[in-house]
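The chain contents come next:
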Amino acid sequence: METLTARGRAVRVGATLLGLALLLLGTARGTDDDFPFGPFRMYSTSDPPDAPAPDTRVEGVDRTGAVVPLGQDATGIRRAEIEGQQHRYAADPSLLRTVAEAYAERHPGAPALVEIRIVVRWFGIEGGRPTGEWTDETAVRWETTG
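None of the values given here were measured: they were computed from a predicted structure. (Residues numbered from 1 in each chain as written. Predicted model: local features only at pLDDT ≥ 70, side-chain atom pairs only at ≥ 80, totals over all residues. Heavy atoms only, no water.)

This part covers the overall build of the protein. Across its full length, the protein carries 5 helices and 4 strands. Put simply, the protein runs from its N terminus to its C terminus through helices and strands in the order α-β-β-α-α-α-α-β-β. Taken over C-alpha atoms, the radius of gyration comes to 23 Å for the protein, far larger than the 15 Å a tight globule of 146 residues would show. Taken over the C-alpha atoms alone, the protein extends approximately 75 × 45 × 30 Å along its principal axes. Here the protein holds 146 residues, and the buried ones make up 24% of them. A separation threshold of at least 6 residues defines the contact pool for the protein, and within that pool the share at least 24 residues apart is 58%. Of the accessible surface of the protein, which amounts to about 10500 Å², a share of 55% is contributed by carbon and sulfur atoms. If the 16 positive side-chain charges of the protein are averaged to one point and the 21 negative ones to another, these points end up 8 Å apart. (Helix = DSSP H or I, 4+ residues; strand = E, 2+ residues; numbered from the N terminus. Rg over C-alpha atoms; globule rule 2.2 N^0.38 Å. Buried < 20%, exposed > 50% of the residue type's maximum accessible area, 1.4 Å probe, protein only. Contact = heavy atoms within 4.5 Å. Areas by Shrake-Rupley, 256 points an atom, 1.4 Å probe, with all protein chains shown as cover. Lys, Arg positive; Asp, Glu negative; His and termini not counted. Charge placed at Lys NZ, Arg CZ, Asp CG, Glu CD.)

Structure, rendered in structure tokens:
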């Protein structure tokens with residue numbers, strides 16, 4: 001077994017100290033985007049036991065009036081991508097055009113979509129248990145212009 005040189009030890013200690021400093025700084029001032037050096041808040045917090053639980057979905061309405069689920073199979077866009085950017089869609093609903101285009105590309109023979117919406121289904125929770133009740137909220141809505 002070879003012994004570690006003084007320079008090798010110094011490099012390893014320096015790298016360890018740098019990693020610890022980044023972890024400390026990320027914990028104190030970081031955001032989810034700084035992961036793994038920042039906190040990953042998704043798993044470090046929880047809602048109160050009586051807070052409603054959201055379930056987000058994307059749906060479209062085609063020109064025949066039929067409601068079309070626009071999940072990953074229909075568009076190739078994961079629900080997490082939509083949820084993570086929901087604030088951007090709310091600020092500029094025309095960004096939902098990409099969802100309509102992705103659907104049209106995967107379903108060339110289907111009737112064109114005339115509306116895309118992000119809908120949040122709020123499931124009732126009491127004492128940490130589902131109540132069986134729910135309400136839908138249209139969080140973002142975009143209509144095609146042509």
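If you trace the 4 strands from one edge of the open sheet to the other, you get S2-S1-S3-S4, paired in antiparallel fashion. Because the sheet does not close on itself, it has two edges, and the strands there are strand S2 (67-69) and strand S4 (129-143). Put simply, the sheet's adjacent strands are angled 35° from each other on average, direction ignored. On top of the sheet, helix H5 (residues 97-106) reaches strand S1 (53-62), S2, strand S3 (113-126) and S4; it is set at about 110° to S3, its chief contact. (Pairing = 2+ DSSP bridges. Axes fitted to C-alpha atoms, helices over the stretch in contact; angles between N-to-C directions.)

Right, let's talk about the pattern of salt bridges for a bit. If you walk through the whole model with that rule in mind, you get 10 salt bridges. The partner of arginine 79 in a salt bridge is glutamate 83, with the nearest N and O atoms 3.6 Å apart. Here the residue arginine 79 and the residue glutamate 83 both occupy positions in helix H3 (residues 79-84), the gap between them amounting to 4 residues, near one helical turn. When salt bridges that share partners are traced, they join Arg57, Glu59, Glu115, Arg117, Arg121, Asp136, Arg141 and Glu143 into one network. (Salt bridge = Lys/Arg side-chain N within 4 Å of Asp/Glu carboxyl O.)

Glancing now at the layout of surface pockets. Volume-wise, the largest pocket comes out at about 170 Å³. Ala100, Glu101, Ala104, Ala112 and Leu113 are the residues nearest the centre of the largest pocket, which is lined by 13 residues in total. Among the elements that line the lining of the largest pocket, the one with the most residues is H5, at 5 residues. Taken together, the residues that form the lining of the largest pocket break down as 8 nonpolar, 3 polar and 2 charged. (1 Å grid on protein atoms, 1.4 Å probe; cavity = no way out; pocket = protein on both sides within 12 Å on 5 of 7 lines; lining within 4 Å. Points joined across faces, edges and corners; volume = space filled by probe spheres on them. Nonpolar A, V, L, I, M, F, W, Y, C, P; charged D, E, K, R; others polar.)

For the rest of this paragraph, the subject is the packing of aromatic side chains. Enumeration over the complete set of coordinates arrives at 0 aromatic pairs. The aromatic ring of tryptophan 134 is capped on one face by arginine 121, whose charged end is 3.5 Å from the ring centroid. (Phe/Tyr/Trp six-rings, centres within 6.5 Å; stacked < 30°, edge-to-face > 60°. Lys NZ or Arg CZ within 6 Å of the ring centre and 35° of its normal.)

Attention shifts here to the environment of glycine 109. Examined against the element boundaries, glycine 109 turns out to sit in the loop between H5 and S3. In the structure, glycine 109 is positioned 64 residues away from threonine 45 in sequence and 45 Å away in space, judged by C-alpha atoms.

Glancing now at the environment of arginine 79. Arginine 79 gets classed as partly exposed once you look at its relative accessible area, which sits at 46%. It is 19 Å that separates the C-alpha atoms of arginine 79 and histidine 107, two residues lying 28 residues apart in sequence. Dropping the residues within four chain positions of it, arginine 79 is found in contact with Asp55 and Thr56. A distance of 2.6 Å separates polar atoms of two side chains, one belonging to arginine 79 and the other to aspartate 55. (Polar contact = N/O pair within 3.5 Å; in protein donor to acceptor, adjacent residues only side chain to side chain.)

Interpretation note: all reported values are geometric properties and have no functional meaning in isolation.
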